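Listed below, chain by chain, are the residues.
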There are 4 protein chains.
Amino acid sequence: MAGNTFGTLFRITTFGESHGTALGVTIDGCPAGIPLDEALVQKELDRRRPGAHAAASDGTPDPRGGRLNPAMTSRKEDDSCEILSGVFEGKTTGTPIAIVVRNTNQKSEDYGDIAFKYRPGHADYPFRAKYGVRDYRGGGRSSGRETIGRVAAGAVARAVLERDGIAVRAWTSEAVGISCETFDEEAIEQNAMRACDSAAAEKMLARIIELKAAGDSGGGIITCRIAGLPAGLGEPVFDKLDALLARAVLSVGAIKGIEFGAGFAAARMTGSEHNDAMRSGTATAGGAEPGAPLSGKPDFLTNHAGGILGGLSTGADVVFRAAVKPVSSISIQQQTIDTDGRDCDIEVRGRHDVCLCPRIVPVIEAMAALTVLDLLLQQKALR
Amino acid sequence: MAGNTFGTLFRITTFGESHGTALGVTIDGCPAGIPLDEALVQKELDRRRPGAHAAASDGTPDPRGGRLNPAMTSRKEDDSCEILSGVFEGKTTGTPIAIVVRNTNQKSEDYGDIAFKYRPGHADYPFRAKYGVRDYRGGGRSSGRETIGRVAAGAVARAVLERDGIAVRAWTSEAVGISCETFDEEAIEQNAMRACDSAAAEKMLARIIELKAAGDSGGGIITCRIAGLPAGLGEPVFDKLDALLARAVLSVGAIKGIEFGAGFAAARMTGSEHNDAMRSGTATAGGAEPGAPLSGKPDFLTNHAGGILGGLSTGADVVFRAAVKPVSSISIQQQTIDTDGRDCDIEVRGRHDVCLCPRIVPVIEAMAALTVLDLLLQQKALR
Amino acid sequence: MAGNTFGTLFRITTFGESHGTALGVTIDGCPAGIPLDEALVQKELDRRRPGAHAAASDGTPDPRGGRLNPAMTSRKEDDSCEILSGVFEGKTTGTPIAIVVRNTNQKSEDYGDIAFKYRPGHADYPFRAKYGVRDYRGGGRSSGRETIGRVAAGAVARAVLERDGIAVRAWTSEAVGISCETFDEEAIEQNAMRACDSAAAEKMLARIIELKAAGDSGGGIITCRIAGLPAGLGEPVFDKLDALLARAVLSVGAIKGIEFGAGFAAARMTGSEHNDAMRSGTATAGGAEPGAPLSGKPDFLTNHAGGILGGLSTGADVVFRAAVKPVSSISIQQQTIDTDGRDCDIEVRGRHDVCLCPRIVPVIEAMAALTVLDLLLQQKALR
Amino acid sequence: MAGNTFGTLFRITTFGESHGTALGVTIDGCPAGIPLDEALVQKELDRRRPGAHAAASDGTPDPRGGRLNPAMTSRKEDDSCEILSGVFEGKTTGTPIAIVVRNTNQKSEDYGDIAFKYRPGHADYPFRAKYGVRDYRGGGRSSGRETIGRVAAGAVARAVLERDGIAVRAWTSEAVGISCETFDEEAIEQNAMRACDSAAAEKMLARIIELKAAGDSGGGIITCRIAGLPAGLGEPVFDKLDALLARAVLSVGAIKGIEFGAGFAAARMTGSEHNDAMRSGTATAGGAEPGAPLSGKPDFLTNHAGGILGGLSTGADVVFRAAVKPVSSISIQQQTIDTDGRDCDIEVRGRHDVCLCPRIVPVIEAMAALTVLDLLLQQKALR
């Protein structure tokens, strides 16, 4: 399995390279009758587009009418999507939905340097080792543009999840060494960092401008919350909800770690501190209860478990955090080898993101939505 | 997919409950001609057995001839394995290998309390929500005994990996709040914590004895290293090596987080700090290079990437860390609800582990070995 | 995928060789709450057991209290099953159900001849070519005993299908050159051939006694009918209902062809002859209709389509026929080569079936039930 | 699994409806370094195009420079393909290959009649039952145009198989009641029926002209031969080579049966007639032998087995026959019901094929090639 397919019942297959003809996705297993058009998909694609954010702090005019985001590359990516199949009279039909985005902005650049030198922190060397050949133009298949297919499919998944009252939301909780100190959900889409703390976002942007001037880059942490899940989602052994979310999130380039609930801090807690006590809930059970009726749904007094016990959702919010590494493309000189195995130096020129956090937020949301929807459909099968 | 199957080409399916008739695994896709007998499997099963460790610090005599390990339950588990199929004249035949371990030590206990109350930190409530029914005896399918099938299959996977010079090794690097400060590989299997620092292990055991006396429990961190991988293992999009390892490791109960290389610390590094510089390697390339010859294999001057770039192995050691939560079964009184949804309290009695780290080490090794072998077989298919 | 797993949501994995320690199956994805015990499984296993049929026509006493079936080997196979997991208090729990049957009757035979010569019509040569090694004892994994796991799992699948009013029934419609001329459903389990025509069964048995005396064997045709399916089962492209049934049935050793409805005869019909006309049905729709209500369910005036159009069930009975080749083990001398590649002759001695039809009937039923149940669960997921 | 994906290691996902925006396929798992361009794919697509055959017997001028084929619809389908990804500098890169064909010739027809009446022999009714909604334009997803993606992917698979000397060839062996009596391989692509007997082809075409005049249609039989397979391909239980080929071939619309080697005739043979005797072969073994060397490769004196024993290839040619039902769209008046469940009559107007055989030949070849290549890659994994 060459690994471009994700999911079992709601199953997507992505394709496309940074500088090829087009990128896209085929979604198989979408329920019939879901309202879907290109606008719904385009809205999510626009969120991952570079420079697309309206509220950048430095005031540079954005050619699309907003202001430029200093965290992001100034490369223009239109990323207009087209739905090729699976929709009839404005609704899904149950057949595969293919969505493509043509690459329109590939400059006929001179790729000489990165064609013959392996960029540190990039997949250049292991790609060459794996396949013998390599599409070096802009990172090829390992470019961040690969996420276009994920985000397009995620938009469809979210539309389906909404039917069941499930909402996926992610935000930047730390970037370039600066942590958010407050949580303001309204602020997230209002600042250029997609941070949950506007004041912290300003500091992050100031630090990003410094890093950019130095030709350097930075990392950060994304937090994601999935609300509205019924209890019992996930499977108890290899397909634990946290295991599948971890795979989904680590499959995004630049993510180097994930933790659920208390996460690594749980390693230093005692059982009496960590266990989430339960009290009788006021809400009626909305869960996935086949057969016998389930009397009562608990309220969890804390959520150190991050909404997951034994790999199954508890009905509390699922919460995880993902570590984003600093952008690998930096214009500072670095030591590397060339494709003949000789020592050389490289400075990676071009327009690059400084910190990926704001652009990765919609990708994480997409992966979480895809994972949860697939498990939800599987759960329905067994009633 | 009810999620009891793991892997694509080297594929295992596990079964069994804590207090059912037997637990086990079927391995499908094992190459033919690999020497295999029950002793090879039993050796790994013995490593995950409670109280099996010979070098416990408190001197309590172990009924099997060693000394009792205070971190582990004193429950006796014989866990003798039997190979039912797939081996002929001492070698694998390419057909499925079924391995079973009978449950011999189930006391006919009174399960009344846990049958009717949901234990905090356990999967009791979401199991009931998912299936409507629940085998409450000893945790049923969500018991730690479920890992018997994983460890048995892992033993076979490791035997296959040895052909290719790949070695998987894990150890406790932190437990009950105490971190290892030195790395002594020889020490790992010599101390009751499977820690890489014998002095730290002594401190951990002392703390564990205190926790046990208080009816409480603790967590820790496991580090794992995979050495000898060719460059290019893994797939560049959804089946990234780190994504599949994350799923494998998070599928183990009690694991709440994973990080690769610099991991969460990478979030605070700059690109120039984090990128691993390369210099021309002295070793000849031993990797997975189809087609064009690969001139030269790099030496990485650091390993912040944890041996993985763009989801593919780089040829450097793969290194990850996993967070282990404190054992959920504690005899301290906790708030919960009963199966009728009414508030109640619970004290979880019985013989329980205090800290899972030493017993989880062989499970993590098994999951890492299974993941890597499956990708290795997939890689061979495409040459 | 080494191919010992079948199904997506209701997924089975079988293991075991003819003369190994045990054979069996693990069933993953069985809904919780289904009543299940060993008697239910044993009943189906007994139907595939050699010599187990009570009503053989030649009057030879059966050591189990019936009369010997001349079509079948006189080898004694007890085939007692044991359920190892997945059942609690008499019901399935949603976790994997492992079922094993120990091999108790392996004579310590001298296998010399078949160990070193490839039997014509058997998989001996391609097994050796595939794996390099081969468990030659009684056919190893390619023995008919491999179907024990299928039949055990099929028994569980049929128990689940009964909830939805779906019934799978197969019978011998032709054997050793003699065709059934009437259809008497009651007769099927009353005669030693599982034929739908008792008079034809007598003629088949007479012919079988002749073939046995000559050391030869014969083939036949099995017909299978699946009643009670909702309309719309199956998937419209690669997972057409007929495609998946064909794979399921051709995966049974000795099956050389399958046809649905008019089948090969359709090749000579015109469209106006073949198309099944529809009239407004009296029954209310019992099908798999999501979304918009479906007014009216058609009656099909004929069933040349065998209950399947475009890969989807129509609501009419699904009907297919499968060709069974003559038993390959014959005591007549045949030309072959030995494992050193030299010409030699072979006479396959031992107790063998003469015609597989009566024993294959329950296997075909099992495979059809497993296929249909898996699709039914998938269909539920998309509502 | 909504069933638009086929294969495990060489895995394709198709999409598209008859009158949607585009149809296509994504190929995942194609080895890197295979020469590939649009011309290679287009050549196969042109073979399945209606009216594309140069040598039709009735002399009608073909707008593309040949003569019209009376068996096929006169609808113009350009079916120009575009490769969107996965190819760099004329070779595959190991990343997914997306190929699309835009629908350019959809007349803005009045679909009123087929929108509200279920056509007999078509999937209209079960589609509606399955999904609640239905894209009725030209059959939607169940149109024969769905095979465009299969044929495009098959072209790539065949290019890979050529490296290993494996050739897949299919032809019409019977159509509209007329059987081929000779086998002339050269003739196949020279006559409008893709028949292996030119004289029979003339008679078939004459009969087709009669059927067309009557508004009726006919069926036929396709034979397929796969040459050059190593011994041991396929898996011994559920993934038998014949089982997977059966699924692949029955997944093509209009196929109602398949048989291997002697097929249904085997049901009437004795074992001594059916078993294929072996003699020491002169050829050296070219097979898939891991481990121990395989001395000698047999010559099979007959091929009743169709090149498959126990689900594994024997090294002899794999041969199967598939039954093609008559085209369902006929202009003769038929009884049916409308979408409100009321009785009505229908005459299916428009330009339709009379007999599908010549157009299905390249589809069968594609499905056989895809099946065999996937198993070949799996086999390589286990060496």
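See the structure shown above.
Residues numbered from 1 in each chain as written. Chains lettered and ligands numbered in written order. Predicted model: local features only at pLDDT ≥ 70, side-chain atom pairs only at ≥ 80, totals over all residues. Heavy atoms only, no water.

A. Representation of the relation of the copies chain C and chain A. It takes a turn of 180 degrees to lay chain C on chain A, together with a shift of 0.0 Å along the axis; the resulting RMSD is 0.0 Å. Interpreted geometrically, this transformation is the action of a two-fold axis. For chain C, the minimum C-alpha distance to the rotation axis belongs to A381 of chain C and amounts to 2.1 Å. (Least-squares fit on C-alpha atoms with pLDDT ≥ 70 in both.)

B. Representation of the interface of chain B and chain A in the model. At the junction of the two partners, chain B supplies 121 residues and chain A supplies 121 residues. Between chain B and chain A the total buried area reaches about 9,100 Å² when both faces are included, carbon and sulfur atoms providing 59% of it. Of all residues in chain B, the largest losses of buried area upon contact with chain A belong to K130, F238 and K256 of chain B, amounting jointly to 10% of the total for that side. For the pair chain B and chain A, the number of links is 10 salt bridges. The tally of links from chain B across to chain A stands at 49 residue pairs in polar contact (both at pLDDT 80 or more). Looking at which element gives the most residues to the side of chain B that touches chain A, the answer is helix 3 (residues 124-131) of chain B, with 7 residues. The residue inventory of the side of chain B that touches chain A, partitioned by class, reads 55 nonpolar, 40 polar and 26 charged. Pairing geometry for strand 11 (residues 255-260) of chain A and strand 11 (residues 255-260) of chain B, over 3 bridges, is antiparallel. The residue bridging E259 of chain A from the neighbouring strand is G257 of chain B, located in strand 11 of chain B. (Contact = heavy atoms within 4.5 Å. Buried area = accessible area lost by both parts, 1.4 Å probe. Salt bridge = Lys/Arg side-chain N within 4 Å of Asp/Glu carboxyl O. Polar contact = N/O pair within 3.5 Å; in protein donor to acceptor, adjacent residues only side chain to side chain. Helix = DSSP H or I, 4+ residues; strand = E, 2+ residues; numbered from the N terminus. Nonpolar A, V, L, I, M, F, W, Y, C, P; charged D, E, K, R; others polar. Pairing = 2+ DSSP bridges.)

C. Summary view of the side chain of D338 of chain C. Summarising the element assignment, D338 of chain C is placed in the loop between strand 17 (334-337) and strand 18 (343-346). Filtering out sequence-adjacent residues up to four positions away, D338 of chain C remains in contact with F116, K117, Y118 and C344 of chain C.

D. Summary view of the sheet that holds strand 9 (residues 178-179) of chain C. Taken together, the 10 strands give an open sheet; going across it, the order is 9(C)-8(C)-10(C)-16(C)-11(C)-11(D)-16(D)-10(D)-8(D)-9(D), and neighbouring strands pair in antiparallel fashion. A strand with exactly one partner marks an edge of an open sheet, and here the two such strands are strand 9 of chain C together with strand 9 (178-179) of chain D. As paired elements, strand 10 (residues 220-227) of chain C and strand 16 (residues 318-324) of chain C share 7 bridges and run antiparallel to each other. Across the sheet, residue I222 of chain C finds its bridge partner in strand 16 of chain C, namely A322 of chain C. Strand contacts of helix 6 (residues 241-250) of chain D: strand 11 (255-260) of chain C together with strand 10 (220-227), strand 11 (255-260) and strand 16 (318-324) of chain D, with the helix running at about 160 degrees to strand 11 of chain D, the strand carrying the most contacts. (Axes fitted to C-alpha atoms, helices over the stretch in contact; angles between N-to-C directions.)

E. Just helix 1 (residues 38-48) of chain D, in detail. When we look at burial in helix 1 of chain D, the residues that qualify are V41, Q42, E44, L45, R47 and R48 of chain D. Measuring from the side-chain oxygen of the N-cap residue of helix 1 of chain D to the backbone nitrogen of A39 of chain D gives 3.3 Å; that N-cap residue is D37 of chain D. (Buried < 20%, exposed > 50% of the residue type's maximum accessible area, 1.4 Å probe, protein only.)

F. Local environment of the state of the cysteines. With the rule as written, the count across this model stands at 0 disulfides over all chains. Between C224 of chain A, a free cysteine, and C196 of chain A, which holds the nearest cysteine sulfur, the sulfur-to-sulfur gap is 13 Å. The class for C224 of chain A is buried, based on a relative accessible area of 0%. With no disulfide of its own, C357 of chain D has C355 of chain D as its nearest cysteine by sulfur position, at a separation of 3.8 Å. (Disulfide = S-S within 2.5 Å.)

G. Region of interest: the interface of chain C and chain A. Counting from both sides, the interface comprises 10 residues of chain C and, opposite them, 10 residues of chain A. A combined buried area of about 900 Å² lies between chain C and chain A, and 71% of that area is made up of carbon and sulfur atoms. Three residues, L9, A381 and L382 of chain C, lead the burial of chain C against chain A; their summed loss comes to 46% of the area buried on that side. Counting across the interface, chain C meets chain A through 0 salt bridges. Inspection of the chain C/chain A interface yields 0 residue pairs in polar contact (both at pLDDT 80 or more). Residue composition of the side of chain C that touches chain A, grouped by class: 5 nonpolar, 3 polar and 2 charged.

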